[in-house]
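For reference, the chains in residue letters:
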Amino acid sequence: ASSFARMFVQVCLYFYCKCLWRCLKFVVRKLTGQCELQRICYNTKPGAARTMKIEASLKGSKSKRLQTSVNVHPDAIEKTIDDIMELKRINPDVNPQLGVSLQACLLQIVGYRNLIAEVEKLRREPYDSENPQHEEMLLKLWKCLKPNSPLKARISKQWCEIGFQGDDPKTDFRGMGLLGLYNLVYFAEWDTEVAQQVLTDSLHPKYSQLSKAEWEKKKFDKAIGYSFAIVGINITDLAYNLLVSGALKTHFYNVAPEAPTLTHFQQTFCYLMHEFHKFWIDEDPLDIMEFNRVREKFYKRILRQLQNPEMALCPHFAASESLINM
């Protein structure tokens with residue numbers, strides 16, 4: 001009986017707050033002469049803060065047309081903006097900047113949803129050694145990371161040199177499918193110097209300056225190096241979870257002036273690989289068995305950073321200046 005009463009009170013409070021909120025919005029609109037969308041666009045600077053408020057406002061609207069506007073096809077966004085302006089009785093001639101701002105926000109919102117679908121498709125596609133494109137990407141990964149060491153055979157123990165578990169990397173892609181390979185190749189091809197340095201450090205941790213006594217004191221026979229490729233696939237999983245959970249909205253809405261793309265996701269992966277590597281060294285684990293603990297701690301740190309609406313994980317991939325003027 002007590003649990004039923006508690007549930008009844010919670011339901012009553014929910015509807016009371018909902019009605020109170022709608023009444024408050026009505027009063028504010030009458031006082032300001034602006035709807036909630038106008039107030040957000042005029043009083044919040046572009047980026048995650050504005051787009052996330054617009055997204056919440058549209059999803060929480062009592063109008064089905066506004067609720068579904070966050071799910072339209074990118075080609076239908078312009079018409080959707082016209083519909084919103086008409087529904088809200090906003091004169092586009094008097095408020096020309098509002099349409100531009102709403103369009104930028106909707107491009108980001110719809111783009112994020114489409115990016116999840118694209119990433120999910122890659123994650124679900126298994127590596128196929130009979131597919132020439134898959135094989136070509138895998139060989140490109142080797143050439144980018146080990147340009148001065150030719151691969152002697154497709155099936156080879158050499159793959160362990162870049163952090164795969166056995167002599168055929170295809171078995172290591174099972175968890176993340178092609179997404180893991182796409183990310184590793186992007187990192188190795190477009191951030192080559194950093195990728196090669198991280199690979200070198202993962203094989204030879206930076207403790208060469210220690211004396212023999214210090215080396216033995218750290219029990220360095222339990223090397224704190226790690227398998228570069230396997231960790232890359234694991235960090236792909238971390239990035240994927242951040243994306244699907246919506247945590248990466250903060251970052252993408254701040255760095256992508258319009259729709260975030262797969263390239264934005266891959267750039268974020270590069271950042272996460274680099275940062276995880278530094279975090280791993282700083283944590284100074286005794287052995288690889290501590291990987292899950294270090295990964296979880298790193299994941300929580302990234303989540304905390306993304307709670308800041310001003311956060312952009314990759315400053316060097318900052319949005320274009322066009323965003324500032326929207």
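As a reminder, the structure under discussion sits directly above these lines.
A brief structural summary.

What counts and how
Residues numbered from 1 in each chain as written. Predicted model: local features only at pLDDT ≥ 70, side-chain atom pairs only at ≥ 80, totals over all residues. Heavy atoms only, no water. Core = buried A, V, L, I, M, F, W, Y, C linked by side-chain atoms within 4.5 Å. Buried < 20%, exposed > 50% of the residue type's maximum accessible area, 1.4 Å probe, protein only. Helix = DSSP H or I, 4+ residues; strand = E, 2+ residues; numbered from the N terminus. Domains from an automatic or database assignment. Contact = heavy atoms within 4.5 Å. Polar contact = N/O pair within 3.5 Å; in protein donor to acceptor, adjacent residues only side chain to side chain. Phe/Tyr/Trp six-rings, centres within 6.5 Å; stacked < 30°, edge-to-face > 60°.

**Looking at the nonpolar core**
Counting residues in hydrophobic clusters, the biggest one holds 85 residues, and the most contacted among them are I54, L141, L181, L242, F265 and L272. The biggest single contributor to this core is helix α6 (residues 96–124), with eleven residues. There are two domains that each give this core at least three residues, and those are domain 1 (34–112) and domain 2 (125–307). Residues within four places of L141 in sequence aside, it is in contact with I162, F164, L181, L184, V185 and A188.

**A closer look at the environment of N254**
Within the element layout of this structure, N254 appears in helix α12 (residues 249–255). Residue N254 is classed as buried on the basis of its relative accessible area of 16%. Separated by 58 residues in the primary sequence, N254 and A312 place their C-alpha atoms 6.0 Å from one another. Engagement of the side chain of N254 in a polar contact is seen with the backbone nitrogen of A48, the distance being 2.9 Å.

**Some details on unusual backbone geometry**
Although it is not a glycine, R89 adopts a positive phi angle of roughly 55 degrees. Within the element layout of this structure, R89 appears in the loop between α5 (77–87) and α6. R89 sits in the exposed class, given a relative accessible area of 78%. The phi angle at D284 is positive, at roughly 50 degrees, despite the residue not being glycine. In this structure, D284 sits in the loop between α13 (262–283) and α14 (291–306).

**Concerning the packing of aromatic side chains**
In this description, an aromatic ring pair is defined by two values, namely the gap between the centres and the angle between the planes. Going through the model one piece at a time under the given rule, you end up with 16 aromatic pairs. With centroids separated by 5.6 Å and ring planes inclined at 25 degrees, the aromatic side chains of Y127 and F173 adopt a geometry described as stacked. With Y127 in the loop between α6 and α7 (132–145) and F173 in the loop between α7 and α8 (177–190), this residue pair connects regions lying 46 residues apart in the sequence. Given the relative accessible area of 11%, Y127 is considered buried. Their ring planes at 90 degrees and their centres at 6.2 Å tell us that F187 and F269 sit as a pair that is edge-to-face. In this pair, F187 sits in helix α8 while F269 sits in helix α13, placing the two residues 82 residues apart along the sequence. Accessibility assignment for this pair places F187 and F269 in one class, buried. Here the aromatic cluster, defined as three or more aromatic residues joined through ring pairs, consists of Y226, F276, F279, W280, F291 and F298.

Structural measurements only, silent on function.
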